[in-house]
Each structure stands twice: as structure tokens, then as C-alpha cells.
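Listed below, chain by chain, are the residues.
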Amino acid sequence: AAPAGGPPPPAAAAPPPLPAAAAPPPMPAAAAPPPMPAAVAPPPPLPAGVPPPPVSAGTAMNPPPPPEPVPVPVPVPVAAVAAAAGGGRAAPGGPSQGNPIPGSSPAGGVALQVGPQGFVPITPTRANTKPIYGAVIAPINEPADRFVNFEYPPITTDGMGVCMLDGTLHQHTGHLAYRWSKYCAMRDAIDANEGGLEKFSRGYETMGFTRNAEGITYREWAPNAKSACLFGDFNAWSTGDQGVWMTKNDYGFFEGFMPNKPDGSPVIPHGSRVKLHLEVEGGDPVDRIPAWIKMAVQAPGEIPFNGIYYDPPPEEQYHFKYARPPTPPELRIYEAHVGMSSTEPKINSYVEFADDVIPRIAQLGYNTVQLMAIQEHAYYACFGYHVTNFFAVSSRCGTPDELKYLIDTAHSYGITVLMDIVHSHASSNSLDGINQFDGSNGQYFHDGPQGYHWMWDSRCFNYGSWEVVRFLLSNLRYWMEEFKFDGFRFDGVTSMMYSHHGLQMTFTGDYGEYFGMATDVDAMVYLMLANDMLHTLYEGHACTVAEDVSGMPTLARPVSEGGVGFDYRLQMAIADKWVEVLSEWGMDENWNMFDLVHCLENRRWGEKCISYAESHDQALVGDKTTAFWLMDKEMYTEMSSLSKDHPVITRGIAIHKMIRQLTMCLGGEGYLTFMGNEFGHPEWIDFPRGDRTEKATGKFIPGNDNSYALCRRRFDLADMDHLRYKYLNAFDAAMNDLAGRFKYLCSDHQYTSLKSDSDKMIVVERGDCVFVFNFHPNQSYSDYRVGAKHGGQYKLVLSSDNPEFGGYSNLWTFNCPEIKADEYDFNGRPASMMVYSPSRSVSVYAPVEVARNCMPQ
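Visitor: Sorry, what's going on with the sheet that holds strand S14 (residues 368–372) here?
Guide: Two orientations exist for strands paired in a sheet by backbone hydrogen bonds: parallel and antiparallel. Spatially, eight strands are ordered S13-S14-S17-S21-S22-S23-S24-S25 in a closed barrel, and the strand pairing comes out parallel. Put simply, the sheet's adjacent strands are angled 30° from each other on average, direction ignored. Sheet analysis places strand S17 (residues 416–421) next to strand S21 (residues 487–490), joined by three bridges and oriented parallel. Note on S21: the bridge partner recorded for isoleucine 421 is phenylalanine 490.

Structure follows, in C-alpha cells:
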């Protein structure tokens, strides 16, 4: 229960308590701090060479000091700012003579006004970072019995609503009607046989290990096994008379009960290793990690993981303090991998991520963090996508209770937490995964070619199996209920939706590719059930995103309309386009503004998209990040602001900012970046790995001596005052702040009034804002007329040419006067205004009254 009096107000909201001996946040008067999680006893072994996470200082009786105020910048001359930024007034493309241009420094480079100093980056910490703008911070209020009398709403539509938005779908009503009928039939069957979808999705409460006052019950589904025995540390690994031999019912479920010891303690101690021994008709016995295991660890020097019975006593459990934030109207996602989030070459912990990275995400202004590699996976370098244990937290980074602490910390800042969930396939491991769990090839997966993804060397689920659907839906409920995740990014949805898994398939947009015999309708029904369940049970507090490269229509429309039910789809073509631009288009003069705009705008109407210039895919070894494409080897020698400008760096920083802002404002209804890319991380990601031979081709692949040197994020580079990474980091924060205040991503108004190849100009209206992009390498424009949706006074609210963003102060928000838009038609717009646009810059204008209401004064 939440402490009496509630949490402190948002401006002073403190993060939640640390695990173990760490300090709790300030408590309201007369409220006692909740129990603190302690170390697991006995602690599961860490992978070889990985040190345990440090325990933060403080005690439960000594709360941390209140946050210190962030230093206020001291005004200094503009010229000093330009010098600190590594350049002077009128840098490449800037004005060099004539009258001063509104928003520029006076002629001659002598500043007549003063403004903010050449800023010094401040490392974000829990002490100096506040909740994100607009955050709603509230105490947790989710009673365990809140679903006891829940009545799932009945189906009341015909599932043909999607045809109202897309007339072409009328040609495929037969397929859509068949899909809808299978969804309705599955819902009806679940209602009739399981008591409804809410109860059906709680399999984690009855399957695997459960404990009551009398003892421990263990249940497992293994229809192909003729007998089963639970064994482990608790019975000296005996499968004889000391083993827990289980009974099997007619549906293939095994069950065994272990009463408490005479002293009342459980037979299986918390933290001990367990396995399931299965005897198979006509085959050799197999030993498996329980399919519903909550924790698995890899002992030093061993390859297979061990299942761990995880059931800490109440005093060692983490207790949530903060409520889930309401789902944001527009997602700005920070994609993150906990293990590689340290500045040091090591595997980072959930605790360290909560304390060090969550404040950084809040400072940058992202309202959502998407956590990768949470489900246990035996192979670290798979990025978490070859899941072995679906209900187990990745133990490399800590315990389940430490992950809960991370999520609660994010909620204390108002940050939504999405989980990158993998329900598209599973690791082909059998010793520590669920492949061939009961000795058969088709228990959880399709038997035959459809059940194997040859490119990923993984197994593909059979979504037409009742128990597979129970397993996967319960997996979603488990992460939502037990860990308070706020939704999911579903990985590999393309592989799920087609029997060919998208392999060797080029999607052209022909609707016959989406609604034909190659579509796995069972998978579509599962995704509809999953989305319907999440949005119904967690209305307003659950969000789902689909990773799909095929362009499947109806994917991001509500289930009630006959859609698949996702809130967003990833706009994956944009990142590929930017790679094409940077690797193939050559000189800036060759860039095609029409092609760029077409790619960014090319998405299905009425289906929201998450745009991104780059994600983790572009950061992997063998590929290049945007910063690396732009600046390459010069990043290692020319990023110091103490040295003269280098043309490669000058161009790279300018275009890096423009690419991100153009992608955000034009590419979708949400935005994503992968951690570190916001400041132009200079290195690719290379997981620690040894030499290996490619299974499919027999090709020898050299390793990297299992080094963690390139499996980390150098956040310290953005915190160094003399490195230009700080400019990119600061611009990313400003870009997010603008989006958060003006909410233009969720606005219905989007209009591109100009795309000029000759001028290399793009002008976009989004919400109340007007975005002006000048991609020309050396031509700045004064008195450049741009369209607007109405007349009146406009204010410059963001400029990439600001000195704190590495610009040259030719167009500076600090001293740019208001600009009047006249009722003068231009480029098809009812009003227009004259602006100054420096080369290689983006500037954003908003009506003065709107800016006054949205921006800090």
C-alpha cells in the first residue's frame, strides 16, 4: 500500500529506495519506509569475470539529501559563446556583410547583447534531475484483488471498421471476415472454458512453482512425456526415491506437491538450483529447466544455464512506491540495453542503470524508455532476441527485485517503461531453453519448416495451440503485473504474421501479399488477443509497438475495428533511407529533397508510426551510426572544442542535428533513438565473443577475445566540457523539450509547404510549429519567405545554430526578434513570413501566444 500522504510533488519527486542497504526517499510524516530488498541468499553465481554491482551508500535510517539546485548560467558576451563553440560569427554559409539579420550577431562579429554562457554540461544524477516535463507522479494504487469482479467487455462490432479508412480493403473482406471469425471464436472458447481472457492470462499464478502456507506446488505442461520428476539442490539431485515424481492428467499436465518441512520452512530453499527430469516414450530421458522458471543463472565456467527457485522472503522483496504514468499521447523512446549501459567495459546492473542512466534519460526529455534483453537469453551477443527462459529476468544484470527497482525509479520520474518482448521465436537451445522441452519437436512450435527460422537459427511458435496462447498471454500479464511494465515493443512481428516468416520475400505493397494463404491467421489472432487484453485490462496505461517491415495494413488499428490492435508501428524504412543518403548520395548538392520528404511521409494514414534515424541495428559492428557516416575517423581526433574547426566535424554536427529533427517532425507520431546515438557515440557495438564457425555456411568467424571494450556506452564523452559531443547531446534534449511542450507529434496538422531541390530547403508545419530546414552546404538565405497556416507574430523557439548546440549564433533564440506573418498566400498557405535561414541548420517558429503558454519564461 502507498504511504499515507502520498509522494512529494513532481518538482521534488525523489526516486524510489535502493535495493539492500540503500537509503529510502523522504517519507511523509508518520509514514514508515517500505521493506528494502536484500541480497538473494544464497546469491546466484555471476558470469565469469563480472564483478557484483556496488551497493549505494546510505542506510535505511538516513535518507539522501534533497536535490541540489542546478547552477544558473551566467551571462557572457556572445563572442565568447561563439569561441567556446569552436567557431565565429558567419561560419560556413553565414552572412559576412551588410545589415544585421534578425536573430544574428551584429556585423563584424562584435556582440552588442549578452546571452547564456558557453554551457558546461552537468552529469545527470538522482540529486540534480527532476521528473520530465508534464509528469504525473502518484503513489502506487494497484490492489491485488482489483480484477476479482472484472467483467471482460463483450464483442459488439462486426470487425469491418478498418474498411472505412481504406477502401482497398473491401477487396479482401473475405480474408478479414475469416480472421475476425477466428478471433471471435477464440474469445468465446476462452470465455466458456477458462472463465475469460483475464483469468486465462494468469497462467503464471498456477504454472511452474507456486507456494502457499502448506508447501510448494509445481506444475508443468509436457504432453509427450510419460513421467516427470523434479530434482535439484534440495534433494541432492536425486531422481530416485528422493525425487519429486509427479502425476499427469489427461491434458498433458504434470503436478507435484512438496509439503513444508517440520519446522515450517519450504522444502526448496530460495536461490537453489532445480531441474525437471522427463522420461519420453520410445526415447532417451531429457533434463530441462522448468518452462515457467522465474530466474536462471550461468555458473562460472559453465555453458548451460541453471534454473533457480526464486522466492525471496517478504523482507527481501522490493515494494513498488510509484504508479504507472498515463500512456503519453506521443512516445519519445529511449531504446536501451542495460548490460551495455556502463561507461566501463563490463556488464552493467539494473541498480546502476536506475541510478545513472534513468536520470540521464529524464534530463534528455524522453518520456519512454524501451528496455532490451530483459528475458533471459543464454547468448549475450544475441541482443536478447534468442530467449531461452521467457519468465526469467536476465540474471547477468541482477535479480528480479532489482529490475523492479529500476522500473519504479523510471516511474518516479514520470517515464513510461516498455519491454522489448520476443514472442516471434525462441532460442533453439534445448538444455536451457524450451525447444524440444518434452522430447518432441512440436510442443510449443510448429513441427516442420514453418517451425524453424533458418536465418535466425531459432524456433517459431505454433499460435494455433491453446497452451501456447496461454503461455504467451500469461507471459505478457506476468511482466505487466509483477514488474509494472507499461507495455511492449513486439519484436519480429513480420516473422509471426507469415508462414514464410518474411524470408526471401520482397514486399511491394500489393494487398495480395498481406491477405492470402501465406498469412498465418493464427498468429494474427494471437496478436489481436494480446493487444485487446492489454488495452482492456490496463486502459490508459498500456502501449504496444510492432516491429514490422512488411507494411501489413490494419496492424495499428484497434481490434474493435478488425485491426490487429497495436498503438504504433515502427517506421523502419527511414533509417534505411538515411543510410542510403549518407553512403550513396555523395556530395550534399546531390541530396534530393523530394526523395527525403517522400520517404518520411510515406506511411499508412490512420496508423501511428514511430520514426527513427537509427536504432540499435545501425549501431552494431559491421554497420555505421549516423555520426560515423558523417564524421568517420575524424571523430577520434577533431572533436575537441579547444582546437580549430574541422570541416568534416562542422558538417557532421550540423547535419546530425538536422537529420534527427527532420525525422522527428516529419516521420511519424512518435520518435526513437538508441542510447548514446543522441550525442553521436563514436564507436559501434561489438559484444564479447570468441571464435566460432557459422552453422549454416561453415565459415570461420573470428571473435574479439571476449572483450567488453566496445560493448558499453561512453556517456562520459557527452559530459566533458571540451568535447563537441556535448553540443549534440544538448540539441537532442532541446528537441525533446520542444516536442514535449508543443505536443506537435500528436497533432492532426502536418503539412509540407516546401521541398526545394535548388535551394535545398524543406519547410514543414506540424501542430503549431513551423520547421525550416536548410540543407544547402554553403548558401544561407535572408528574407526567405515561408508559408504558415495563419498570420500573426511568430517566435523562434529552437535553432540548431545556437552556440550551446555547436552553432555559430547567426540565428539565435536568445536575441532573435519576433517575426510577423502576413495574410499573404504563399506555397499554398494562407499566410507567410520572411525568415533568415543559415546553411545547414534547422529553425523552428511558433505563434507568440502559443510559445508563451508552452515555453518557460
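There is more to say, and it comes next.
Visitor: When you look at the side chain of serine 227 in this model, what are you seeing that I'm missing?
Guide: Tracing the sequence through the fold places serine 227 in strand S5 (residues 225–232). A relative accessible area of 16% places serine 227 in the buried class. Polar side-chain contacts of serine 227 include one of 3.0 Å to the side chain of glutamate 279. Beyond its immediate chain neighbours, meaning those up to four positions away, serine 227 contacts Trp245, Phe254, His277, Leu278 and Glu279.

Visitor: I tried to follow the pattern of salt bridges on my own but got confused; where do I start?
Guide: Side chains carrying opposite charge are able to pair once their charged atoms draw close together. Scanning the entire structure with this criterion turns up 48 salt bridges. A salt bridge links glutamate 142 to arginine 324; the shortest N-O distance between them is 2.6 Å. Linking glutamate 142 in the loop between strand S2 (114–115) and helix H2 (162–165) with arginine 324 in the loop between strand S12 (306–308) and strand S13 (332–337), this pair joins segments that are 182 residues apart in sequence. On the accessibility criterion, glutamate 142 (21% relative accessible area) is partly exposed. Note on arginine 324: relative accessible area 6%, which makes it buried. Residue arginine 211 is joined to aspartate 311 by a salt bridge in which the shortest nitrogen-to-oxygen separation is 2.5 Å. Here the residue arginine 211 occupies a position in strand S3 (residues 208–211), and aspartate 311 occupies one in the loop between S12 and S13, the gap between them amounting to 100 residues. One continuous salt-bridge network, built from bridges that share partners, spans Glu142, Arg146, Glu198, Arg202, Glu205, Arg324, Arg477, Glu481 and Lys484.

Visitor: I tried to follow the packing of aromatic side chains on my own but got confused; where do I start?
Guide: When we look at a pair of aromatic rings, we describe it by the centre distance and by the angle of the planes. If you walk through the whole model with that rule in mind, you get 49 aromatic pairs. Aromatic pair phenylalanine 383 and phenylalanine 674: ring centres 6.4 Å apart, planes at 80°, arrangement edge-to-face. Of the two residues, phenylalanine 383 is situated in the loop between strand S15 (375–376) and strand S16 (389–394) and phenylalanine 674 in strand S25 (residues 670–674); the sequence distance between them amounts to 291 residues. The residues phenylalanine 383 and phenylalanine 674 share a single accessibility class, namely buried. Look at tyrosine 781 and tyrosine 784: their rings are 5.0 Å apart centre to centre, the planes differ by 50°, and that puts the pair in the tilted class. Grouping residues by exposure puts tyrosine 781 and tyrosine 784 together as buried. The ring of tyrosine 133 is capped by arginine 741, whose NZ or CZ atom sits 4.2 Å from the centre of that ring. The ring of tyrosine 751 has arginine 829 lying over it, and the distance from NZ or CZ to the ring centre is 4.2 Å.

Visitor: Would you mind showing me how to read the confidence of the model for the chain here?
Guide: Interpretation of this model should avoid reading the predicted coordinates in detail wherever pLDDT is low. For the chain, per-residue confidence averages 87 on the pLDDT scale, and residues scoring 70 or more make up 86% of the total. Throughout residues 1–117 the model reports pLDDT below 50, and contacts reaching past four residues in sequence, or to other chains, amount to 236 contacts.

Visitor: Would you explain the nonpolar core in this entry?
Guide: A general tendency of soluble globular proteins is for nonpolar side chains to be buried together. Judged by nonpolar contacts, the single largest core of 204 residues is most densely connected at Tyr444, Trp479, Phe485 and Tyr526. The element best represented in this core is helix H9 (residues 521–537), accounting for 12 residues. Setting aside anything within four residues of it in sequence, one finds phenylalanine 485 in contact with Arg324, Leu371, Ile374, Leu403, Ile407, Val417, Leu418, Met419, Trp479 and Met480. Counting residues in hydrophobic clusters, the runner-up holds 20 residues, among them Val770, Val772, Cys816 and Val835.

Visitor: Would you mind showing me how to read the sheet that holds strand S30 (residues 769–774) here?
Guide: Spatial ordering of the open sheet is given by S28-S29-S30-S35-S32-S33, a layout of six strands whose pairing is antiparallel. Each edge of the open sheet carries a strand with a single partner, namely strand S28 (750–756) and strand S33 (819–821). On average, each strand axis in the sheet is tilted by 25° relative to the strand beside it, whichever way the strands run. Inspection of the sheet shows S28 paired to strand S29 (residues 761–766) by six bridges, in the antiparallel sense. Each residue of the ladder has a partner; that of tyrosine 751, found in S29, is glutamate 765.

Conventions we followed
Residues numbered from 1 in each chain as written. Predicted model: local features only at pLDDT ≥ 70, side-chain atom pairs only at ≥ 80, totals over all residues. Heavy atoms only, no water. Pairing = 2+ DSSP bridges. Helix = DSSP H or I, 4+ residues; strand = E, 2+ residues; numbered from the N terminus. Axes fitted to C-alpha atoms, helices over the stretch in contact; angles between N-to-C directions. Buried < 20%, exposed > 50% of the residue type's maximum accessible area, 1.4 Å probe, protein only. Polar contact = N/O pair within 3.5 Å; in protein donor to acceptor, adjacent residues only side chain to side chain. Contact = heavy atoms within 4.5 Å. Salt bridge = Lys/Arg side-chain N within 4 Å of Asp/Glu carboxyl O. Phe/Tyr/Trp six-rings, centres within 6.5 Å; stacked < 30°, edge-to-face > 60°. Lys NZ or Arg CZ within 6 Å of the ring centre and 35° of its normal. pLDDT = per-residue confidence, 0-100. Core = buried A, V, L, I, M, F, W, Y, C linked by side-chain atoms within 4.5 Å.

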